[in-house]
Amino acid sequence: MAAALAERSCLELSGAARGPPRRVREVAFSPPGIAPAPAGRYGDSAGGFCYQESSQLAAVTRNRFIHWTTSGDAVELVEESLDINLLNNAVRLRIQGCPLLPGGVHVCEVQSHLVILLATAQTVHRLLLPHPARMYRSELITESQMQSVFTDIGKINFRDPSNYYVIPSMPGLASNSVASAAWLSSEGEALFALPSASGGIFVLKLPPHDAPGTVSIVELKQSSVVQRFLTGWMPTAIRGDCGPSDLPISLSVHCLDHDAFLFALCQDHKLRMWSYKDQMCLMVADLLEFMPVSRDLRLAAGTGHRLRLAFSQSLGLYLGVYMHAPKRGQFCVFQLVSTESNRYSLDHISSLFSSQETLVDFALTSAEIWALWHNEENQTVVKYINFEQNVAGQWNQVFVQPLPEEEVTVRHDQDPRETYLEYLFMPGRFTNAAIQKALQIFSQGTERHLDLTWDELKKEVTLAVESEFHSSVTEYECSPEEFWQLQVEFWSKFYACCLQYQEALSRPLALHLNPYTNMVCLLKKGSLSFLVPCSMVDHLYLLSNEHLLTEDDAAIFDDLEMSRDVVCLVQCLRLIGESISMEMAFIMEMACSRLQPPEKAAEQILEDLIANDTENVMEDIHSKLQEIRNPIHAIGVLIREMDYETDTDMERAQPLNMRMNLTQLYGSGTAVNVVCWGVCKIATIRFLICRDLLILQQLLLRLGDPMVMGGGQLFQSQQDLLHRTSPLLLSYYLIRWASQCLASDVPVDTLESNLQHLSVLELADTTAMTPHKLVSSPQTIVELFFQEVARKHIISRLFSQPNTSLAETSLNWPHLITAIVADFLPLLWPSNPGFLFPECLMGSCQYTQLQEYIRLLQPWCHVNMGSCCFMMGRCYLVMGEGHKALDCFCQAASEVGREEFLDRLIQAEEGEMVSTPRLQYYNKVLRLLDMVGLPELVIQLATLAIMEAADDWRSQATLRTCIFKHHLDLGHNSEAYVALTQNPDPSRQLDCLRQLVVVLCERSQLQDLVEFPYVNLHNEVVGIIESHARAVDLMTHNYYELLYAFHIYRHNYRKAGTVMFEYGMRLGREVRTLRGLQKQGNCFLAAINCLRLIRPEYAWIVQPASGAVYERPGASPKRSHDGECTAIPTTRQIEILELEDLERECVLAQIRLTLVQHDLSTAAVAGASNCSWEGKRRKQRLGTG
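As the structure is a prediction and not an experimental result, all values here were calculated from the model.

**Considerations on the overall build of the protein chain**
When its secondary structure is counted, the protein chain shows 35 helices and 36 strands. The 1185 residues of the protein chain split such that 52% are buried. Contacts in the protein chain between residues far apart in sequence, at least 24 positions, make up 66% of those at least 6 positions apart. Within the structure as shown, the protein chain displays about 53,100 Å² of accessible surface, and the carbon and sulfur contribution to it stands at 51%.

Right under this line is the structure:
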């Protein structure tokens, strides 16, 4: 479709946040000697100011502007930024007793200051504020917050006589005109042009703020003027008329280097142009010459006329005039033309007519007029027109934000409280301020509800309505139906109150147009909204019927026939959409929510439409279908225009390697709200288009008319289109849901736990996984995603052209907002390969929202299925449903190697052994389950992973070790032993065996340890237990006894005897106490018993020679007194002890014990005797070297 943004309708997008109303600082000033004027003298008004460098990418004032509203004697000034959240950005200035003139606020920008000029009914004021460029340097702005220009407004001395002046009674301010203009001269003087009570204009001049001087007043009453009649443009000198007829109704000023042109649109329908420097009227033009005029109009005072100026460096000065007449109005656009001898004339550019009755405001550029009306029903109407290109005078519509429904439908199966709360607190429907004001009235002023958060406000509303309800119910018993009805009654009462305040706060007061960025805003009493271009599909669907019929087909496609087909198709969709009742619409909503096929719902709606077709809508649709040359092709084109599916992965844009200040572009809360609300509006509109398109396709299938189907279109083509439309509808349903789903505030401990999990998965440093805590107003999950992740990717894409100079780049709001939304939708599109949105939800701990997102997605979207399963597993894991999590992780394994997110998950670290992708995936999940503390699930998954690692013995060893460890931790000793024996890596097997021995000993589960078969591991077990026995304290550990039991269990009595004899010998040397001697005797008895169980010829044991050191694996080398390692002897003497030797040793031990029992002091002596005997022994010399 046509890419041009010109001549297309616009959407209104609210920039209001859902948090508490902004904190507005109050500053009051009471001018001395002033009698208070009547409070309600003037109506509320609004206006705006934009910085000259607001479109420059490298400027401090980029995307910053000021807007204000006046009410009575107060003006509320707010500075907004689309890039950075400004602190202290709102101030309410009250000039007590002096109501501000509507349009009496003027802001001027000079190099070092921002100057605010205020005109009230009795005074004029000048406020000087430091310019933002003096407060900050643009390259230093990297934070998301900075101070506003209003931060230090409280320091201003409002009583300084040089900065305010009381309007004198002569000439005095005209009572029946509210016109005003104000400007700064090149010398720094502040000038105010006001209507004089005697007619004409007087200009009040304040001296420069930094130079002494006096206030001067000049009346513009030049006796000689140059009047140019539009017929023939004949200059004629006439005397200036000072009567009320020349009372200015609207004033505007155009500043030159050393002069100012003052334009006055007067009651007599004439436009006068004055030079302030020369105090001369340079031109008078009768504007009635440009409109069809009656005698009554010429005689009536032109009180409703408006004047606006627009200046372009290339085109010069444009004047826009609105001429008000009963029941109609007319805009005239002129260009100021200068001739020789300081003479000026108006070149008529365009005349545009409007039927709206009440013009609220209009804005002018060098090419367009934007106008704001209230129609007969008091509804807001905004339109714009390009007066240079649009010769037909066709205004473009702006689809303004409608007020919420007047009534909320509550079905009998719904809880009234839940239904009303959901409707009231749906993002984008009611502002926080409107609900708070309604709550104040509903509570009858008993409490002050200020600065409540969204959740607090919800609780307060519930309490207030429920309290009112219960206090009014006097019956102790009532039927459920009566109870339900009473609930509905009280909730609807509160809802009506909210609606009333929402309507009051949503009332537009003015348009604000930024000529540098082409941004247009709607200034309302309680909020601010932005007007953005509408896409062509939405434009066609939203246009009223009369506009759709006059739509220029050439603006849609180069192929005129196809353009007409698409327009006719959209007309059919409109007919269907207008016929669908609330109950029918609910059928489709429920089908999407309950994961039922939309095609079936469309078929049911079609049947209901046919059954209830009292106005022959089906006939109208059928006749309109006859006009479509190729319906199948037209439907296909419409589907393609709405489909954001891309083959490429958009999300991996290059990092933002530009100037630091570019990273903040469109990063403020206001910009985030606007962009995401735009996405929500598009998704809402496209959902309706797809719904109506599905119904129309079902109708085409039902008709089966070859004439309608374009002469032989195949049934299969219709089915294919139907199955393409259905995922499209579900995609927009999902995006709309996400745009309205609020993110949860996350506790700090949850964030820290999540960060640990992400670090295990090695995802913590990715852009989408940066955990953060919500600290501002409640965001939707789409706003959260845009602010934290998507915005940086989009800005990087938009400004990544290598030849783009940032200093020369000028920001254009309509183009940029369109490009940002167009780039944002593919990042949210469910069937695209990018997976940033769910990643962001996971990184931000939005688990409930992520589960619902995947639930709505899984049945129909077949892209990123494995990644979705993994995400669902993470959600289950956090919520304590481990077995469900394991099922999800296992399902995701089948997609490893096919999806980008899972591929990033398994990227190997440097030096890490690379195995198959699926094994790497299992390894990551095992680490995650291990960290969470779910050993049973670790065992299950590792067992599954072993089948994948059939040919990889290293991975098998790792997995078997993992299984062993967790079985052992769980006390599954037999399973741990089995896992140990199956480990293919001998070194790991030995490590596991060592761990098994230590752990079972610590747990005193010695029977298991002894009874395990230890096939092919017998010597290793003995060696491990021996090394522990010889390395630890004899009286606190029982490794010798364990080893004794181990050998006895296997009927190896000689080794059992050897162990106990060694135990006894060490007790004699190392434990010289009564208890040690008692144990020594028992050990020798046990050793003797073992040898007696063996045949006599084998009843002997080996004992190392006296003084020998037991060599333990891993023991440090022995060193001499000078630090040198001692040489290991090449031979050692082996002593063979027989049964008789052991019996003698036992007798000796008993004698020692008897001695010690009589005298404890002999224990040390007794225990020190040598255990060698000169009895019968056999000696052998064994060479070991």
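Having seen it, we continue.
**Things to note about the pattern of salt bridges**
All told, the structure shown has 37 salt bridges when counted by the stated rule. Residue Glu26 pairs with Arg92 through a salt bridge whose shortest N-O separation is 2.4 Å. Remark: Arg92 occurs in strand 7 (residues 90–95) and Glu26 occurs in strand 2 (residues 25–29); sequence separation between them is 66 residues. Among the ionic pairs, Arg691 bridges to Asp692, the shortest N-O distance being 3.0 Å.

**Comments concerning unusual backbone geometry**
We note that Asn378 has phi near 65°; this positive angle belongs to a residue other than glycine. Counting through the fold element by element, Asn378 comes out in the loop between strand 28 (368–374) and strand 29 (380–386). For Asn378, a relative accessible area of 45% translates into the label partly exposed. A positive phi angle is found at Asn518, which is not glycine, with a value near 65°. Along the polypeptide, Asn518 turns up in the loop between strand 31 (508–514) and strand 32 (519–524).

**Regarding the environment of Pro248**
Within the secondary structure, Pro248 is located in strand 19 (residues 248–255). Residue Pro248 is classed as buried on the basis of its relative accessible area of 0%. Spatially, the C-alpha atom of Pro248 lies 8.6 Å from that of Ser196, the residues being 52 residues apart in sequence. The residues contacting Pro248, other than those within four sequence positions of it, are Ser177, Ala179, Pro195, Gly200, Ile201, Ala264, Leu265 and Cys266.

**Section: the packing of helix 13 (residues 631–642) against helix 14 (residues 669–703)**
Between helix 13 and helix 14, the least distance of the axes is 12 Å, while the angle of their chain directions is 155°. Considered as vectors, helix 13 and helix 14 are oriented roughly antiparallel to each other. The hand of the helix 13/helix 14 crossing is left-handed. Residues Ile635, Leu638, Ile639, Glu641 and Met642 of helix 13 pack against Arg686, Ile689, Cys690, Leu693, Gln697 and Leu700 of helix 14. Class assignment of the residues belonging to the contact of helix 13 with helix 14 gives a composition of 8 nonpolar, 1 polar and 2 charged.

**Some points on empty space enclosed by the protein**
Enumeration over the complete set of coordinates arrives at 10 cavities of 30 Å³ or more. The volume enclosed by the second largest cavity comes to roughly 80 Å³. Forming the walls of the second largest cavity are 13 residues, and the residues nearest its centre are Trp829, Pro830, Gly834, Pro838 and Tyr853. Put simply, the parts of the chain that give the lining of the second largest cavity at least two residues each are helix 18 (813–828), helix 19 (836–843) and helix 20 (847–857).

**Let's talk about the pairing of strand 21 (residues 270–275)**
Of all the 6 residues making up strand 21, 5 are buried; the element is thus mostly covered by neighbouring parts of the structure. What sits between the antiparallel neighbours strand 20 (residues 260–266) and strand 21 is a turn of 3 residues, in which His269 has the positive phi angle 65°. Here strand 21 runs beside strand 22 (residues 280–286); their pairing, made up of 6 bridges, is antiparallel. Its bridge partner being in strand 22, Ser275 is matched across the sheet by Met280. Between strand 21 and strand 22, which pair antiparallel one after the other, the connecting turn spans 4 residues, and Gln279 there sits at a positive phi close to 55°.

**A word on the sheet that holds strand 10 (residues 123–130)**
Spatially, 8-9-10-12 is the arrangement adopted by the 4 strands of the open sheet, whose pairing is antiparallel. Two strands bound the open sheet, and with one partner strand each, they are strand 8 (100–109) and strand 12 (164–166). Neighbour-to-neighbour, the strand axes of the sheet open up by a mean angle of 10°, direction not taken into account.

**Side note on the environment of Leu486**
Note that Leu486 resides in helix 6 (residues 480–505). For Leu486, a relative accessible area of 26% translates into the label partly exposed. Each C-alpha atom of the pair Leu486 and Pro416 lies 9.6 Å from the other, and the pair is 70 residues apart in sequence.

**Focus on the packing of aromatic side chains**
If you walk through the whole model with that rule in mind, you get 42 aromatic pairs. Centre to centre, the rings of Phe65 and Phe530 are 6.3 Å apart; their planes meet at 80°, and the pair counts as edge-to-face. Of this pair, Phe65 sits in strand 4 (residues 64–71) while Phe530 sits in strand 33 (residues 528–533), and the two are 465 residues apart along the sequence. In this structure Phe530 comes out as buried when scored by relative accessible area, which is 0%. Arranged with centres 5.2 Å apart and planes meeting at 75°, the rings of Phe469 and Phe483 form a pair that is edge-to-face. Here Phe469, found in helix 5 (residues 454–472), pairs with Phe483, found in helix 6; they are 14 residues apart in sequence, far enough to count as distant. Exposure remark for Phe483: the relative accessible area of 32% places this residue in the partly exposed category.

**Describing helix 22 (residues 882–893)**
Over its 12 residues, helix 22 runs 17 Å from end to end, which matches the ideal 16 Å to within 8%, given 1.5 Å per residue. Taken as a whole, helix 22 has its buried residues at Gly882, Ala885, Leu886, Cys888, Phe889, Ala892 and Ala893. End-on, the buried residues of helix 22 take up no more than an arc of 165°, which puts them together on one face. Buried residues along helix 22 sit in contact with helix 21 (865–878), helix 23 (900–905), helix 24 (917–932) and helix 25 (935–948).

**A few points about the sheet that holds strand 14 (residues 190–195)**
Taken together, 4 strands build an open sheet; the order of strands is 13-14-15-16 and the sheet is antiparallel. Of all the strands in the sheet, the pair left with one neighbour each is strand 13 (181–184) and strand 16 (216–220). Adjacent strand axes in the sheet meet at a mean angle of 20° when their direction is disregarded. As judged from the 4 bridges shared by strand 13 and strand 14, these two strands associate in the antiparallel manner. Note that in strand 14 the partner of Ala182 across the bridge is Phe192.

**Looking at the nonpolar core**
Counting 221 residues, the largest nonpolar core has Phe785, Phe824, Phe870, Tyr921, Leu996 and Tyr1014 as the members making the most contacts within it. Residue contributions to this core peak at 20 residues, all from helix 14. When sequence neighbours within four positions are dropped, the list of residues in contact with Phe785 reads Ala790, Phe824, Leu827, Leu828, Leu836, Phe837 and Cys840.

Here is what the cut-offs are and how they apply
Residues numbered from 1 in each chain as written. Predicted model: local features only at pLDDT ≥ 70, side-chain atom pairs only at ≥ 80, totals over all residues. Heavy atoms only, no water. Helix = DSSP H or I, 4+ residues; strand = E, 2+ residues; numbered from the N terminus. Buried < 20%, exposed > 50% of the residue type's maximum accessible area, 1.4 Å probe, protein only. Contact = heavy atoms within 4.5 Å. Areas by Shrake-Rupley, 256 points an atom, 1.4 Å probe, with all protein chains shown as cover. Salt bridge = Lys/Arg side-chain N within 4 Å of Asp/Glu carboxyl O. Axes fitted to C-alpha atoms, helices over the stretch in contact; angles between N-to-C directions. Parallel < 35°, antiparallel > 145°, perpendicular 65-115°, else oblique. Left-handed = near helix turned anticlockwise from the far one by under 90°. Nonpolar A, V, L, I, M, F, W, Y, C, P; charged D, E, K, R; others polar. 1 Å grid on protein atoms, 1.4 Å probe; cavity = no way out; pocket = protein on both sides within 12 Å on 5 of 7 lines; lining within 4 Å. Points joined across faces, edges and corners; volume = space filled by probe spheres on them. Pairing = 2+ DSSP bridges. Phe/Tyr/Trp six-rings, centres within 6.5 Å; stacked < 30°, edge-to-face > 60°. Expected span 1.5 Å × (residues − 1). Arc of directions from axis to C-beta. Core = buried A, V, L, I, M, F, W, Y, C linked by side-chain atoms within 4.5 Å.

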